[in-house]
Amino acid sequence: MQLYCAPGTISVAVAIALHEAGIEHEKVQLDFGAAEQTKPAYHQINPKGRVPALAVPGGILTETGALLEFIAESAPDKELAPTDPLLSARMREVMYYLASTMHVNHAHKMRGARWADQESSWADMRAKVPQTMTASAAHVETNGLRGPFVLGEALCIADCYLYVVTGWLEGDGVDLEPFPKIRAFRAAMDARASVQAVKAAGLL
C-alpha cells in the first residue's frame, strides 16, 4: 500500500492506524508548501487534491473515515473497530462529528476561500476559530471520550482520528487546561508505538 500524506494533516490519522494494524505501507509525502496537492500529477491519484489517499491493489481510496474503516477491516485480529452494533455506532458518531464539524471549524482558519470569495469574510472566519474549536473541544471532553480512549479502555480507529484533530487545538487558540480528559487522551496516544513511528517519519 502507498499512503499519500502530508505532515500535520488529517492523513496522519491513517498513518497511525496503518501502524496500529501492522500493515506494511509506503508513505508518499506531499509538499503542501509547494502546493503539490494541486498539481496535475497528484490529481491523477486524487482529483479532489487532498490527502489522504491510499493506493491499494484494487485502486485508490480517499476520505479519512473510509480509509480508517478499510484498515480496521483489513486487520480484524487487531480489533481496531468493535463488532457490537452500538459500540460501532458510537465510534462512527465521533468520527462523523470530527469530519463534519470539528475539522471544518479548523479549516476556517486557513481555507476560507472554500466558502467565501471576499477576503474580509476569510478574516471573520479566522477570528471565529478559537471559539468554535473550544466548543468542539468541550463536546469531545463531555461526549467523545468514554474512558482513556473513545470507547473506553480499548483503542479504536476513532482514536487515531481524534488524536490528530485535537493536536490542532492549541494552534487554533484553544486553552487545553479546562479539558483534562483530552490532555490525558493525548498523553496516552503519545506513548503508543504507532504515534512514535509517525513522529519518526516526520509527519508530526
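Calculation rules
Residues numbered from 1 in each chain as written. Predicted model: local features only at pLDDT ≥ 70, side-chain atom pairs only at ≥ 80, totals over all residues. Heavy atoms only, no water. Salt bridge = Lys/Arg side-chain N within 4 Å of Asp/Glu carboxyl O. Helix = DSSP H or I, 4+ residues; strand = E, 2+ residues; numbered from the N terminus. Buried < 20%, exposed > 50% of the residue type's maximum accessible area, 1.4 Å probe, protein only. Contact = heavy atoms within 4.5 Å.

A. Inspection of the pattern of salt bridges at higher detail. According to the stated counting rule, one finds 5 salt bridges in the structure shown. Across the pair Glu63 and Lys48 runs a salt bridge, and its minimum N-O distance is 2.8 Å. Within this pair, whereas Glu63 is found in the loop between strand 4 (59–62) and helix 3 (64–74), its partner Lys48 is found in the loop between helix 2 (40–43) and strand 3 (53–56), the two being separated by 15 residues in sequence. The class of Glu63 is partly exposed, set by a relative accessible area of 47%. Under the relative-accessibility criterion, Lys48 is labelled partly exposed at 44%. Residue Arg92 pairs with Glu69 through a salt bridge whose shortest N-O separation is 2.6 Å. Of this pair, Arg92 sits in helix 4 (residues 85–107) while Glu69 sits in helix 3, placing them 23 residues apart in sequence.

B. Spotlight on helix 3. Taken as a whole, helix 3 has its buried residues at Thr64, Leu67, Leu68, Glu69, Ile71 and Ala72. Contacts made by the buried residues of helix 3 are with helix 1 (11–21), strand 3, strand 4, helix 4 and helix 6 (157–166).

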